[in-house]
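Structure assessment
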Amino acid sequence: MTVRVRFAPSPTGPLHIGGVRTALYNYLFARQQGGKMILRIEDTDQTRFVPGAEQYIIEALDWLGIQFDEGVHIGGPFGPYRQSDRKPLYRQYAEQLLADGWAYYAFDKPEALEAKRKEAETNMHLGYTLVIDGHKTPFQYDCNTRMQMENSLSLGMEEAQRRIAAGDPYVIRFKFPEDIDITVHDLIRGDVTMNSRLLDDKVLFKSDGMPTYHLANIVDDHLMEITHVIRGEEWLPSAPLHVMLYRAFGWEETMPQFAHLPLLLKPEGNGKLSKRDGDRLGFPVFPLEWHDPKSGEVSSGYREQGYLPQAVVNMLALLGWHPGTDQELMTMDELTKLFDISHISKNGAKFSLDKAKWFQHEYFQQLSDEEVASMLEQQVAAHGIQADHGYAMQVAALMKERITFPSELWDTCCYFFQAPTEYDPAAIKKRWKAGMTTHMAKVIEILNTVPFEYDAIHKALLEDYIKGHELNMGSVMNSLRLAVVGKTVGPDMLTLVMMLGKDETIRRVQRAIDTIGEVENQ
RNA sequence: GCCGCGUUCGUCUAGUCGGCCUAGGACGUAAGAUUUUCAUUCUUAAAAUCGCGGGUUCGAAUCCCGCACGCGGUACCA
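Residues numbered from 1 in each chain as written. Chains lettered and ligands numbered in written order. Predicted model: local features only at pLDDT ≥ 70, side-chain atom pairs only at ≥ 80, totals over all residues.

Spatial ordering of the open sheet is given by β4-β7-β10, a layout of three strands whose pairing is antiparallel. A strand with exactly one partner marks an edge of an open sheet, and here the two such strands are β4 (103-106) and β10 (203-205). On average, each strand axis in the sheet is inclined to that of its neighbour by 45°, with strand direction left out of account. (Pairing = 2+ DSSP bridges. Helix = DSSP H or I, 4+ residues; strand = E, 2+ residues; numbered from the N terminus. Axes fitted to C-alpha atoms, helices over the stretch in contact; angles between N-to-C directions.)

Printed below as a string of structure tokens:
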């Protein structure tokens, strides 16, 4: 039997990073097992449809290198892959359940149910609304209350049919058996058992003619021959309903295996990582930048912040899973080989921005000089400067190790392309001591007289001049750096001088002498 | 309220049949080394009495029970 898994998001907005991780785990499992990965869009709630969301999901997963074998965007033998396109299909399954006594029609108005729940909620302060076998419960549409409600069980099938014929809106609810233990075998958590008495008769088919998630999910997973359902922990409480549905349809033999992933938590305090946390705490919760079509609100994305997809994938893979060794840096191929559902942790994981940055730095270092150079050239061009490619390559090679995000490139490397226009006052105060103009003039003299080669200048300046005159190495060299760079940061000073060239270096030093001038201290 | 899941350094976690755990790694933090500066890099250190309390056992982070806390669910949302 070939493994078939699906990632089944709802197009209600941008894909949350937790959803991305779910997709990733599904993908890794499918690849490793030589199985198929399917993208199914669960858009049964038409009121929550958000334009652009489906395209966003596809683009985001594509950016991360999570590929599908079948799905809305590429088709496949089990299509269609969008539930709204499968609408005509679900009704017959709901009716099958009705015919077999596993479901019933219900006519209760949403407002009436809402009122019941409100009432129950108010009474909850007093302790409870109902006591069933010693259990206190708030209002729930279940085996204890359904006979008091308006449905084909309390009204009788004839009356129900009459109402339907008369055009009364109705839903179809699942009829849970009264008192049975339902066990869900979860690949991560083991057996989880719940009693049907405490489970509510979920709506399977809505009055608008669409199925709910619960029905559509089971029907589609069965029809699409899904073998493993890997999804978020928030689905665990409804998993018993799902196994009952397989049983009711007579599909228990081929029921997929379940694995409920732990949640992704916010970095500080407790709770599920939410859309708001991201921009508040300085990291994206979405893979790609998202422009909300309604509010116009923009949420930042990993891609736009300069994160490399490999870094995001690696970080996400390790947030809730562990290879069992000390290895932390893994490519998609390695992850595929090592991935193992039994090594997924049970507890929720807090997102760590520091760790994310570390992964990003590691993967940035793996970029070729060519790739970094081309990023750099773009930024240089944006500042109106035409950079020589060979030169940009040299800069990239030299400066790469101190960069984490591409956006830092210009700020860290700008002095390779343009002379400083101002000098850091703190650096002047610290480094530019009395007599420095004389030393700088000497630097110019050396550059003018000694062959323009690293070793020659090193000897003439560092050894003969500075050491020979017992000058302070740090002071002189840092002043030179200040003159050439504008501040006291950067790579090896003479390497920089060699790259800038003799004339440019002299110009910069001369300008510093003219601008900063002689100071009187010590 | 009820049901379910979870609980090892600040964070992610290793620990899968109980002894090799005086609890390991990584991020972060601190100190040191290297360097003409900054960053990188390297070394070292601090950091979890394994949520708490009982039990079982020669021996428990690992098994059992209770409690606490956290999270999830409790919609004609997924």
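So much for the structure itself; the text now carries on.
This part is about the nonpolar core. In terms of nonpolar packing, the biggest core is built from 72 residues, with Val20, Leu24, Ala60, Val312, Leu316 and Leu376 touching the most fellow members. The contacts of Ala60, once residues within four sequence positions are left out, are Leu15, Val20, Pro287 and Leu288. Of all hydrophobic cores here, the second largest spans 26 residues; its members include Tyr90, Leu97, Leu215 and Met244. (Core = buried A, V, L, I, M, F, W, Y, C linked by C-beta atoms within 7 Å. Buried ≥ 20, exposed ≤ 12 C-beta atoms within 10 Å, placed from the backbone. Contact = placed C-beta atoms within 7 Å.)

Next up on the list: the protein's contact with RNA strand B. Within the structure, RNA strand B sits among 71 residues, and Ser10, Glu42, Asn347, Met477 and Met493 are positioned closest to it. Within the residue set of the surface near RNA strand B, elements represented by two or more residues are α4 (110-124), β6 (135-137), β9 (190-195), β16 (349-350), α11 (353-365), α18 (473-485) and α19 (493-500). Here the residues of the surface near RNA strand B are counted per class, giving 25 nonpolar, 23 polar and 23 charged. (Near = placed C-beta within 6 Å. Nonpolar A, V, L, I, M, F, W, Y, C, P; charged D, E, K, R; others polar.)

The buried count for helix α9 (residues 309-317) comes to eight of nine residues, which makes it a mostly enclosed element. Residues of α9 that are buried: Gln310, Ala311, Val312, Val313, Asn314, Met315, Leu316 and Ala317. Close packing links the buried residues of α9 with α1 (17-32), α2 (53-64), α10 (332-338) and α11.

Of all five residues in strand β12 (residues 257-261), four are buried, a share of seventy percent or more. Sheet topology note: the strand β11 (residues 228-232)/β12 ladder contains five bridges and is parallel. Paired with Gly232 across the bridge in β12 is Leu261. Following the backbone out of β11, through helix α7 (residues 239-249) and into the adjacent parallel β12, one traces a crossover that is right-handed. (Right-handed = clockwise from strand over helix to strand, strands pointing away.)

Take the domain arrangement of chain A next. What the domain assignment lists for chain A is domain 1 (4-73 + 217-266), domain 2 (87-211), domain 3 (277-365), domain 4 (367-412) and domain 5 (419-522). Put simply, the middle of domain 2 and the middle of domain 5, counted by C-alpha atoms, are 81 Å apart. (Domains from an automatic or database assignment.)

Another aspect to go through is the pairing of β4. Remark: a regular strand shows side chains that alternate across the two faces of the sheet. Across the two faces of β4 the burial is the same, with Ala103 and Tyr105 and Tyr104 and Ala106 all buried. As defined by bridge partners, β4 adjoins strand β7 (residues 171-174) across four bridges and the pair is classed as antiparallel. Bridge pairing in β7 links Tyr105 to Ile172.

On to the environment of Gln83, then. Topologically, Gln83 is positioned in the loop between β3 (70-71) and α3 (87-99). Once the C-alpha coordinates of Gln83 and Val380 are considered, the two residues, 297 residues apart in sequence, prove to be 48 Å apart. Excluding anything up to four places from it in sequence, Gln83 contacts Ile41, Glu42, Asp43, Thr44, Ala216 and Asp220.

Helix α6 (residues 213-223) packs onto α3 with a crossing angle of 100° between their chain directions and a minimal axis gap of 10 Å. Here α6 runs roughly perpendicular to α3, going by the angle between their axes. Where α3 approaches α6, its residues Tyr90, Tyr93 and Ala94 are matched on the opposing element by Leu215, Ala216 and Val219. For the contact of α3 with α6, the class distribution of residues is six nonpolar, no polar and no charged. (Parallel < 35°, antiparallel > 145°, perpendicular 65-115°, else oblique.)

Quick look at unusual backbone geometry now. Here the residue pair Gly79 and Pro80 is connected by a cis peptide bond, since its omega of -5° sits within 30 degrees of zero. Within the fold, Pro80 resides in the loop between β3 and α3. Residue Glu225 is not a glycine yet carries a positive backbone phi of 55°. Considering the arrangement of structural elements, one finds Glu225 in the loop between α6 and β11.

Let's shift gears to helix α13 (residues 389-399). Turning to α13, its buried residues are Ala392, Val395 and Ala396. Along the axis of α13, the buried positions cluster into a sector of 100°, meaning they face one direction only. Where α13 is buried, its residues contact α12 (369-382) and α14 (409-413). (Arc of directions from axis to C-beta.)

It is worth spelling out the packing of helix α16 (residues 436-449) against helix α17 (residues 454-467) at this point. Where α16 contacts α17, the two axes come as close as 9 Å, and the packing angle between them is 145°. Relative to α17, α16 is oriented so that their crossing is right-handed. Two secondary-structure elements touch here, α16 through Lys442, Val443 and Ile446 and α17 through Ile457, Ala460, Leu461 and Tyr465. In the contact of α16 with α17, the residues fall into six nonpolar, no polar and one charged. (Left-handed = near helix turned anticlockwise from the far one by under 90°.)

This paragraph deals with the environment of Ala397. Turning to its location among the elements, Ala397 is positioned in helix α13. Each C-alpha atom of the pair Ala397 and Pro323 lies 33 Å from the other, and the pair is 74 residues apart in sequence.

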